[in-house]
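# Chains, contacts and geometry: an overview
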Amino acid sequence: MTAPSGRRRRIRPLVWMLVALAAAAVLSAPLVSGGICVDSEDPEKSYCADFHTSLIGLPTSIVAWVILSIVLAAAAWLISSYPLRRR
């Protein structure tokens, strides 16, 4: 078999990075947001809370999404950049 062409070698890591970024978006992009405010006659007992979840319902934040995106994209780049070993 012939080795992959130079263009193919450059495109393969980019494709895998896009796949990794899509996985990061599904796992940790804060796509669903909500909140609740509870009022009380006693002002000290009143509070508000908000939440952010991913597409599959995992609690998340912007920071978690950015970190996971960077880690998965870097891992995809490194793994797919290694030459294919053929026996």
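Okay, so let's go over this structure. (Residues numbered from 1 in each chain as written. Predicted model: local features only at pLDDT ≥ 70, side-chain atom pairs only at ≥ 80, totals over all residues. Heavy atoms only, no water.)

### A closer look at the overall build of the protein
Worth spelling out the cut-off: Elements are defined by DSSP. Helices are runs of H or I of four residues or more, strands are runs of E of two residues or more, and each kind is numbered from the N terminus. Each residue is placed in one exposure class: buried if its accessible area under a 1.4 Å probe, protein chains only, is under 20% of its type's maximum, exposed if it is over 50%, and partly exposed if it falls in between. By definition, residues are in contact when any of their heavy atoms lie within 4.5 Å.
When you go through the protein residue by residue, the secondary structure sums to 2 helices and 2 strands. Ordered by position from the N terminus, the helices and strands of the protein form the series α-β-β-α. Residues counted as buried form 15% of the 87 residues belonging to the protein. Here the contacts in the protein between residues at least 6 apart in sequence split such that 60% fall between residues at least 24 apart.

### Structural notes on helix α2 (residues 62–81)
As a reminder of what qualifies: Expected helix span is given by 1.5 Å per residue-to-residue step, counting one fewer step than there are residues. Directions from the helix axis toward the C-beta atoms define the arc.
The terminal C-alpha atoms of α2, which comprises 20 residues, lie 28 Å apart, in line with the 28 Å expected from a rise of 1.5 Å per residue. Within the span of α2, buried status applies to S69, A73, A76 and S80. The arc that holds every buried residue of α2, seen down its axis, measures 65°, which confines them to one face. Pointing more than 90 degrees away from the buried face of α2 are the exposed residues V63, I70, L78 and I79.

### Some words on the side chain of S69
Filter applied, for reference: Under this definition, polar contacts are N or O atom pairs within 3.5 Å; protein pairs additionally need one hydrogen-donor-capable and one acceptor-capable atom, and for neighbouring residues in sequence, both atoms have to be side-chain atoms.
In this structure, S69 sits in helix α2. In this structure S69 comes out as buried when scored by relative accessible area, which is 12%. A polar atom in the side chain of S69 sits 2.8 Å from the backbone oxygen of W65. Leaving out residues up to four positions away in the same chain, S69 has contacts with L21 and A24.

### Some points on the environment of L55
For L55, the location among the structural elements is in the loop between β2 (47–53) and α2. Sequence spacing of L55 and L27 is 28 residues, and the spatial spacing of their C-alpha atoms is 6.9 Å. Here L55 is in contact with V26, A29 and L31, once residues within four sequence places are set aside.

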